[in-house]
Amino acid sequence: EPEVTQTPSHQVTQMGQEVILRCVPISNHLYFYWYRQILGQKVEFLVSFYNNEISEKSEIFDDQFSVERPDGSNFTLKIRSTKLEDSAMYFCASRARVYNTEAFFGQGTRLTVV
Amino acid sequence: ELKVEQNPLFLSMQEGKNYTIYCNYSTTSDRLYWYRQDPGKSLESLFVLLSNGAVKQEGRLMASLDTKARLSTLHITAAVHDLSATYFCAVDMGKTGTASKLTFGTGTRLQVTL
């Protein structure tokens, strides 16, 4: 069964360092997303991506964040200068269509900023 | 701004009992999804509800959608321990021209005891 895969599963980084979280969405999907979940809290939307550009971004997704789809398969989230409060589980998701289909989520990357 | 609230936030129930989780949302939408999350794991799609009056059932779980009341329910019948997890509803605003993000509820942590 096709699935969304994310690497790494766990990343520990020092405050101020740059991190790149990687995702391989399901191959025929067209819409890509990043969400995050701070431990024990709800899942929050960060950004959506379609047709090689950002479709929508939340207030959380400030200038420190960027996304890229460098080739036909990968979808990356970069945090330029990490803060302690960026520690969270980051989920990548993809959808085949916008209407009438659910989003499929990857297994997540746990980011710990120390 | 869309708000999605679930209640209860935490539910401890005995095996064999029935219970309902409620998901209320603040803005008109006819697309709602239920996800299950095990501790430290990803989000698994359970139900896709796409119209007023939609009802879906899978095993001991049944989900329904009332778009007029802006309410979805997840009913658990004769709970078993394997259902212990956190359950999230997610509302899709489906805005034209965007990649249509999901807005998640607060989550309901279900614990089924023997």
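These notes cover the structure that comes with them. All figures in this text were calculated on a predicted structure; none of them were measured in a lab.

**Things to note about the overall build of chain A**
Line of reasoning, step 1. For chain A, the helix and strand inventory stands at zero helices and 11 strands.
Line of reasoning, step 2. Seen in sequence order, chain A has helices and strands lined up from the N terminus as β-β-β-β-β-β-β-β-β-β-β.
Line of reasoning, step 3. Computed over its C-alpha atoms, the radius of gyration of chain A comes to 13 Å, within 12% of the 13 Å expected for a compact globule of 114 residues.
Line of reasoning, step 4. Structurally, chain A occupies a C-alpha span of about 40 × 25 × 25 Å along its principal axes.
Line of reasoning, step 5. Residues counted as buried form 44% of the 114 residues belonging to chain A.
Line of reasoning, step 6. The contacts of chain A with a sequence gap of at least 6 include a subset with a gap of at least 24, amounting to 53%.
Line of reasoning, step 7. With an accessible surface of roughly 5,800 Å², chain A has 46% of that area assigned to carbon and sulfur atoms.
Line of reasoning, step 8. Charge separation in chain A, taken as the distance between the mean sites of 11 positive and 14 negative side-chain charges, equals 0 Å.

**Notes on the state of the cysteines**
All names here are of chain A.
Line of reasoning, step 1. Considering all chains together, one arrives at two disulfides over all chains under this definition.
Line of reasoning, step 2. C23 shares a disulfide with C92; S-S distance 1.9 Å. Looking along the S-S bond of the C23-C92 disulfide, the torsion reads about -65°, which is the left-handed sense. With C23 in strand β3 (residues 19-24) and C92 in strand β9 (residues 88-95), the pair connects residues that are 69 residues apart, well separated along the chain. Taken individually, C23 and C92 each receive the classification buried, so the pair is uniform in this respect.

**Considering the interface of chain A and chain B**
Line of reasoning, step 1. Facing the 24 residues of chain A at the interface are 25 residues of chain B.
Line of reasoning, step 2. With both sides pooled, the region where chain A packs onto chain B buries about 1,900 Å², and carbon together with sulfur makes up 54% of that total.
Line of reasoning, step 3. At the junction of chain A with chain B, the criterion picks out two salt bridges.
Line of reasoning, step 4. Note that R95 of chain A is salt-bridged to D92 of chain B, the shortest N-O span being 2.7 Å.
Line of reasoning, step 5. Where chain A meets chain B, there are 10 residue pairs in polar contact (both at pLDDT 80 or more).
Line of reasoning, step 6. Elements supplying a minimum of two residues to the side of chain A that touches chain B: β4 (31-37), β5 (43-50), β6 (53-57) and β9 of chain A.
Line of reasoning, step 7. Considered class by class, the residues forming the side of chain A that touches chain B number 12 nonpolar, eight polar and four charged.

**Let's talk about the packing of aromatic side chains**
To describe a pair of aromatic rings, one takes the distance between the centres and the angle between the planes.
Line of reasoning, step 1. In the structure shown here, the tally under the stated rule is 14 aromatic pairs over all chains.
Line of reasoning, step 2. Geometrically, the ring pair formed by F88 of chain B and F104 of chain B is edge-to-face, given 6.2 Å between the ring centres and 85° between the ring planes. Note that F88 of chain B is positioned in strand β9 (residues 85-92) and F104 of chain B in strand β10 (residues 102-104), a separation of 16 residues in sequence. Accessibility classification places F88 of chain B together with F104 of chain B in one group, the buried group.
Line of reasoning, step 3. An aromatic cluster of three or more residues is present, and its members are Y33, Y35, F45, F91 and F105 of chain A together with Y35, F88 and F104 of chain B.

Basis of the calculations
Residues numbered from 1 in each chain as written. Chains lettered and ligands numbered in written order. Predicted model: local features only at pLDDT ≥ 70, side-chain atom pairs only at ≥ 80, totals over all residues. Heavy atoms only, no water. Helix = DSSP H or I, 4+ residues; strand = E, 2+ residues; numbered from the N terminus. Rg over C-alpha atoms; globule rule 2.2 N^0.38 Å. Buried < 20%, exposed > 50% of the residue type's maximum accessible area, 1.4 Å probe, protein only. Contact = heavy atoms within 4.5 Å. Areas by Shrake-Rupley, 256 points an atom, 1.4 Å probe, with all protein chains shown as cover. Lys, Arg positive; Asp, Glu negative; His and termini not counted. Charge placed at Lys NZ, Arg CZ, Asp CG, Glu CD. Disulfide = S-S within 2.5 Å. Buried area = accessible area lost by both parts, 1.4 Å probe. Salt bridge = Lys/Arg side-chain N within 4 Å of Asp/Glu carboxyl O. Polar contact = N/O pair within 3.5 Å; in protein donor to acceptor, adjacent residues only side chain to side chain. Nonpolar A, V, L, I, M, F, W, Y, C, P; charged D, E, K, R; others polar. Phe/Tyr/Trp six-rings, centres within 6.5 Å; stacked < 30°, edge-to-face > 60°.

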